[in-house]
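Okay, here's what each chain looks like letter by letter:
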Amino acid sequence: MEWNFRGDQPIYSQLIQRIKQGIVSGELPPGGRLPSVRDLAMEAGVNPNTMQRALQELEREGMVFSQRTAGRFVTEDVRLIEGAKRAFAQEHIRAFLEGMHKLGYGREEILSLLQEEKEEEHGNSGM
Amino acid sequence: MAILECKNLSKRYGKKTALESVNLSIEPGRVVGLLGPNGSGKTTLIKLINGLLTPSAGEVLIGGQKPGPLTKAAVAYLPDRDYLADWMTVQQQIRLFQDFYPDFDADKAMEMLLRLNVDPNQKFKALSKGTREKVQLILVMSRKAQLYLLDEPIGGVDPATRDYILDTIIRNYNPEAAVVISTHLIADVEQVLDEAIFLQNGSVLLHESVDDIRETRGMSVDRYFREVFKC
């Protein structure tokens, strides 16, 4: 996985987001086993305590679960994963709308631009 | 219990004050950045902790003990300059560490050196600066100490070597030991730190968790440091 961190947010919350993204995108499949805390920390280049904190939070949210001896696994609850995916999508949409509003576009204009974009895509894929 | 405690610790060189009433407590399992501009007292503090300097006032306790032979056995120290005899081979250095430190794991050191493709029969002086830094870090991290004191471990090396050094620190993480890393290259280390200590003119300006600093200030420790120490 790719790990990149922004300066203006805590590292643990960015780890939570990154692992969640891995789960919703299927990079980390449902029921799959996660690497150990130390291996994940090394891969991300972060402090193991910070990684541990992120995984504990994901566990509280139900996105991952521990089995005492076998390690940590991604949830098999597909509805939970779908919900997290939807939350990411809404975040993207909100950021997109905010950017468009800053450019001065109104709701109707945005929708028609999206429609145009969609038709163009269709046109391209038809060639 | 804290592995390291400084109580009203001060150090003066003649009239010049290098450290002024430093109070610190560091718990096992923590990786702590000792951050400050040049001349802020980082190296003085590290030398007081490992007993190379004696305090002018106050005290240092390592696992409840004052610095001495007992605490030296529990503290692994990486100085800020080459400290190994350069005419010795890497193999001979390993034997030296084995003789001096009962907690030194020679197999572990050898394994890390081989992974780096360092020839153990090479003399220390024949190695590049980056490789020398790596070998010295490997020797220090191959001890099973309670407190690791790393003075500027990433100063003056290329970015790939820097990554290797930080990787080695994470790889050898031990929840029963604390690691103190002194540096002014904060952007490179802040991801591996639990806590940051800002030293300014010999005093502790701040001692907080890295994620708390990012959360409350809305910026990286590096940026916050630049703001605090703006010239």
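Residues numbered from 1 in each chain as written. Chains lettered and ligands numbered in written order. Predicted model: local features only at pLDDT ≥ 70, side-chain atom pairs only at ≥ 80, totals over all residues. Heavy atoms only, no water.

What follows covers the nonpolar core. Residues Met51 of chain A together with Tyr148, Leu150 and Phe198 of chain B are the most contacted members of the largest nonpolar core, which totals 77 residues. When residues in this core are grouped by element, the largest group, seven residues, is from helix α1 (residues 11-24) of chain A. When we break this core down by domain, the ones giving at least three residues each are domain 1 (11-76) and domain 2 (79-126) of chain A. Once residues lying within four places of it in the same chain are set aside, the contact partners of phenylalanine 198 of chain B are Leu35, Ser203, Val204, Leu205, Leu206, Val221, Tyr224, Phe225, Val228 and Phe229 of chain B. Formed by 23 residues, the second largest nonpolar core is a distinct cluster that contains Leu19, Ile49, Val60 and Leu199 of chain B. (Core = buried A, V, L, I, M, F, W, Y, C linked by side-chain atoms within 4.5 Å. Buried < 20%, exposed > 50% of the residue type's maximum accessible area, 1.4 Å probe, protein only. Helix = DSSP H or I, 4+ residues; strand = E, 2+ residues; numbered from the N terminus. Domains from an automatic or database assignment. Contact = heavy atoms within 4.5 Å.)

So, about the domain arrangement of chain A. Residue and element names in this part refer to chain A. Taken as a whole, chain A is organised into domain 1 (11-76) and domain 2 (79-126). Here domain 1 and domain 2 have C-alpha centroids that lie 29 Å from each other. Taken together, the ten residues of domain 1 in the interface contact six residues of domain 2. Between domain 1 and domain 2 the total buried area reaches about 680 Å² when both faces are included, carbon and sulfur atoms providing 80% of it. Of all residues in domain 1, the largest losses of buried area upon contact with domain 2 belong to Gln17, Val24 and Met63, amounting jointly to 56% of the total for that side. Linking domain 1 with domain 2 are zero residue pairs in polar contact (both at pLDDT 80 or more), by the criterion used here. Looking at side-chain class alone, the side of domain 1 that touches domain 2 contains four nonpolar, four polar and two charged residues. (Buried area = accessible area lost by both parts, 1.4 Å probe. Polar contact = N/O pair within 3.5 Å; in protein donor to acceptor, adjacent residues only side chain to side chain. Nonpolar A, V, L, I, M, F, W, Y, C, P; charged D, E, K, R; others polar.)

All names here are of chain A. A grouping of Ile93, Phe96, Leu97, Leu111 and Leu114 is seen on the molecular surface, where their side chains present a nonpolar patch of about 420 Å² in accessible area. Those elements that provide at least two residues to the nonpolar patch are α4 (78-103) and α5 (107-126). Residue contributions to the nonpolar patch peak at three residues, all from α4. Mapped onto the secondary structure, leucine 114 falls in helix α5. According to the relative accessible area criterion, leucine 114 is partly exposed, its value standing at 43%. (Patch = residues over 30% accessible without salt bridge, like charges linked within 9 Å, V, L, I, M, F, W, Y side chains within 5 Å. Areas by Shrake-Rupley, 256 points an atom, 1.4 Å probe, with all protein chains shown as cover. Salt bridge = Lys/Arg side-chain N within 4 Å of Asp/Glu carboxyl O.)

All right, on to a negative patch on the surface then. A contiguous patch of negative charge, built from Glu116, Glu117, Glu119, Glu120 and Glu121 of chain A, is present on the exposed surface. Summarising the element assignment, glutamate 120 of chain A is placed in helix α5. (Lys, Arg positive; Asp, Glu negative; His and termini not counted. Charge placed at Lys NZ, Arg CZ, Asp CG, Glu CD.)

What follows is about the packing of helix α3 (residues 90-100) of chain B against helix α4 (residues 106-115) of chain B. All names here are of chain B. Direction vectors running N to C along α3 and α4 enclose 155°, while the axes themselves pass 10 Å from each other. As far as their axial angle goes, α4 and α3 are roughly antiparallel. For α3 against α4, the interelement crossing comes out right-handed. Contacts from Val90, Gln91, Ile94 and Gln98 in α3 reach Ala106, Met110 and Leu113 in α4. Here the contact of α3 with α4 is composed, by residue class, of five nonpolar, two polar and no charged. (Axes fitted to C-alpha atoms, helices over the stretch in contact; angles between N-to-C directions. Parallel < 35°, antiparallel > 145°, perpendicular 65-115°, else oblique. Left-handed = near helix turned anticlockwise from the far one by under 90°.)

For the rest of this paragraph, the subject is the packing of aromatic side chains. We describe a pair of aromatic rings using the distance from one ring centre to the other and the angle between the two ring planes. For the coordinates displayed, the defined rule picks out eight aromatic pairs over all chains. An angle of 50° between the planes, with centres 6.4 Å apart, marks the rings of phenylalanine 100 of chain B and tyrosine 101 of chain B as tilted. Centroid distance phenylalanine 198 of chain B to phenylalanine 229 of chain B: 5.9 Å. Interplanar angle 50°. Geometry classified as tilted. Taken as a pair, phenylalanine 198 of chain B in strand β8 (residues 195-200) and phenylalanine 229 of chain B in the segment after α9 (221-228) lie far apart in primary sequence, 31 residues in all. With relative accessibility at 13%, the residue phenylalanine 229 of chain B sits in the buried group. Of the aromatic side chains, those joined through ring pairs into one cluster are Phe97, Phe100, Tyr101 and Phe104 of chain B. It is arginine 18 of chain A that lies over the ring of tryptophan 3 of chain A; its NZ or CZ is 5.9 Å from the centre. (Phe/Tyr/Trp six-rings, centres within 6.5 Å; stacked < 30°, edge-to-face > 60°. Lys NZ or Arg CZ within 6 Å of the ring centre and 35° of its normal.)

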